[in-house]
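These are the residues of each chain, in order.
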Amino acid sequence: LPLPEYNPNHQSILMLLSMTGYGRATHSHAGKTYTVEIRSLNSKQNDLRLRSSQHLHKYAMDLRRLILDQVQRGKMEVNVEVSDESGGGGVKINTALLGRLYKEVWDAIAPDVQKPGHAEGLYAALLRIPGMLEAGSNRLEDDDWVQLKIVANKAVVHLNEYRTQEGDVMAKDLAESASEIASLLEEVAQYEDVRVESVRTRMEKHLKDYLGRGNVDKNRYEQEILFYLEKMDINEEKVRLKQNCEYFLEVLGNKDLVKGRKLNFISQEIGREVNTLGAKAYAAEIQKLVVNMKEHLEMIKEQLANVA
């Protein structure tokens, strides 16, 4: 079967997801603004690091699960911010304590001193007592979690859009490299006759130099030639290399978004066949083709390091 060629006019057939990306979403509700920012980096494992100025408490695991279930492979850095513009999260006065102390102190003051101006000074003095001013709670409540889920889902959508766009670019590069390796493989055939003749001439020269021209057994010589040519046969390597390139493009074009590991395994098989082809080449032109194949293979490996 002919090797499927990459067609730049049909980009939609290639589906790939990059491991690097960025997504951010923000949403305001009831005087609060919720922001979720996600950065994705390449990693062999699916991991998530969560940072927030709020106490997420019981919602932290739910948030991690929400993001990891929708993001395929990669190391995630997630920043969560909830700002309360209504002032509900600011400093609060312990009114119960303030009222009780004010009454006790005011009642203890002599009646002739109980004047309005003194009351203001008493309030100011009481506010300086430790525990009178309390920091507002920055813990997420149930309603906060409802809003945060909406924002987190939007951020994941933006992240995956970014990763898909970057994946499309990588898919084109990978397809072009795999197709180029296959094209170089097709050029090997034109040098095979020269390769066989080169081996034959080299062996004949060595035999004559070692045994002398009059002592070369023609039958033995032909048997040796056949033995070494069979040992140096590259037909199997050519067939497997072509099949691996075909399989690489097939996987690259399937509907699975997570395919980095599989493509990496196929690229390793391609590398083995290319190396064996080079070891058996015994022809300068074939060696040049092998070097070019390795160059494209290195490009593939570099790209796959960032494929989900």
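Draft legend 1. Representation of the overall build of the protein chain in the model. The helix and strand tally for the protein chain stands at nine helices and six strands. Across the 308 residues in the protein chain, those meeting the buried criterion constitute 36%. When contacts within the protein chain are restricted to residue pairs at least 6 apart in sequence, long-range pairs at least 24 apart make up 81% of them. Total accessible area on the protein chain stands at roughly 18,200 Å², and carbon and sulfur atoms take up 52% of it.

Draft legend 2. The packing of helix H4 (residues 142–187) against helix H9 (residues 284–304), seen in detail. Where H4 contacts H9, the two axes come as close as 9 Å, and the packing angle between them is 160 degrees. With respect to H9, the axis of H4 lies roughly antiparallel. With respect to the hand of their crossing, H4 and H9 are arranged in left-handed fashion. Facing H4, whose interface residues are Met170, Asp173, Leu174, Ser177, Ala178, Glu180, Ile181, Leu184, Leu185 and Glu187, H9 presents Leu289, Asn292, Met293, His296, Leu297, Met299, Ile300, Gln303 and Leu304. For the contact of H4 with H9, the residue count by class is twelve nonpolar, four polar and three charged.

Draft legend 3. Region of interest: the pattern of salt bridges. Counted under the stated rule, the structure contains eleven salt bridges. Linking aspartate 142 and lysine 58 is a salt bridge whose minimum nitrogen-to-oxygen distance equals 3.7 Å. Highlighted residues: aspartate 142 in helix H4 and lysine 58 in the loop between strand E3 (46–52) and helix H1 (59–70), separated in sequence by 84 residues. Given the relative accessible area of 49%, aspartate 142 is considered partly exposed.

Draft legend 4. Region of interest: the sheet that holds strand E4 (residues 74–84). The four strands lie next to each other as E1-E2-E4-E3, forming an open sheet whose pairing is mixed. Because the sheet does not close on itself, it has two edges, and the strands there are strand E1 (21–29) and E3. Direction aside, the axes of adjacent strands within the sheet are offset by 15 degrees on average. Strand contacts of H1: strand E2 (32–41), E3 and E4, with the helix running at about 135 degrees to E3, the strand carrying the most contacts. Relative to the sheet, H4 contacts E1, E2 and E4, its axis offset from that of E1 by approximately 150 degrees.

Draft legend 5. Up close: the side chain of glutamate 192. With respect to the element layout, glutamate 192 can be found in helix H5 (residues 192–211). Setting aside its immediate chain neighbours within four residues, glutamate 192 contacts Ile234, Asn235 and Lys238.

Draft legend 6. Structural context of the environment of glutamate 250. With respect to the helices and strands, glutamate 250 occurs in helix H7 (residues 235–253). As for glutamate 250 and alanine 175, which are separated by 75 residues in sequence, their C-alpha atoms are 9.8 Å apart.

Draft legend 7. Spatial organisation of H9. Taking 1.5 Å of rise per residue, 21 residues should cover 30 Å, and H9 covers 30 Å from first to last C-alpha, within 8% of that figure. Taken as a whole, H9 has its buried residues at Ile286, Leu289, Val290, Met293, His296, Leu297, Ile300 and Leu304. Down the axis of H9, the sector holding all buried residues measures 125 degrees, keeping them to one side. Turned more than 90 degrees away from the buried face of H9 sit Ala284, Val291 and Glu302, all of them exposed.

Draft legend 8. Region of interest: the packing of H1 against H4. Closest axis-to-axis distance for the H1/H4 pair is 10 Å, and the angle between their directions is 25 degrees. Put simply, H1 runs roughly parallel to H4. As for the relative orientation of H1 and H4, their crossing is right-handed in sense. In this structure, H1 contributes Tyr59, Asp62, Leu63, Leu66, Ile67 and Gln70 to the contact, and H4 contributes Asp142, Trp145, Leu148, Lys149, Ala152, Asn153, Val156 and Asn160. A class-by-class count of the residues in the contact of H1 with H4 yields eight nonpolar, three polar and three charged.

Draft legend 9. Looking closely at the packing of aromatic side chains. Taken as a whole and judged by the stated rule, the model has one aromatic pair. Both rings, one in tyrosine 59 and one in tryptophan 145, keep their centres 5.4 Å apart while their planes meet at 20 degrees; by these two values the pair is stacked. Pair noted here: tyrosine 59 is in helix H1 and tryptophan 145 is in helix H4, with a separation of 86 residues, a long-range link. When its relative accessible area of 6% is taken as the criterion, tyrosine 59 is described as buried. Overall, the relative accessible area of 10% leaves tryptophan 145 in the buried class.

Draft legend 10. Fine view of the pairing of E1. Inspection of the sheet shows E1 paired to E2 by nine bridges, in the antiparallel sense. Its bridge partner lying in E2, glycine 23 is registered against isoleucine 38. Counting the residues that bridge the hairpin from E1 to E2 gives two residues, and of these alanine 30 lies at a positive phi of roughly 55 degrees.

Draft legend 11. Representation of the pairing of E2. Among the ten residues that make up E2, seven are buried, leaving the element largely enclosed by the rest of the structure. Direction of pairing for E2 relative to E4: antiparallel, over a ladder of ten bridges. By the bridge assignment, tyrosine 34 is partnered in E4 with valine 82.

The rules behind the values
- Residues numbered from 1 in each chain as written.
- Predicted model: local features only at pLDDT ≥ 70, side-chain atom pairs only at ≥ 80, totals over all residues.
- Heavy atoms only, no water.
- Helix = DSSP H or I, 4+ residues; strand = E, 2+ residues; numbered from the N terminus.
- Buried < 20%, exposed > 50% of the residue type's maximum accessible area, 1.4 Å probe, protein only.
- Contact = heavy atoms within 4.5 Å.
- Areas by Shrake-Rupley, 256 points an atom, 1.4 Å probe, with all protein chains shown as cover.
- Axes fitted to C-alpha atoms, helices over the stretch in contact; angles between N-to-C directions.
- Parallel < 35°, antiparallel > 145°, perpendicular 65-115°, else oblique.
- Left-handed = near helix turned anticlockwise from the far one by under 90°.
- Nonpolar A, V, L, I, M, F, W, Y, C, P; charged D, E, K, R; others polar.
- Salt bridge = Lys/Arg side-chain N within 4 Å of Asp/Glu carboxyl O.
- Pairing = 2+ DSSP bridges.
- Expected span 1.5 Å × (residues − 1).
- Arc of directions from axis to C-beta.
- Phe/Tyr/Trp six-rings, centres within 6.5 Å; stacked < 30°, edge-to-face > 60°.

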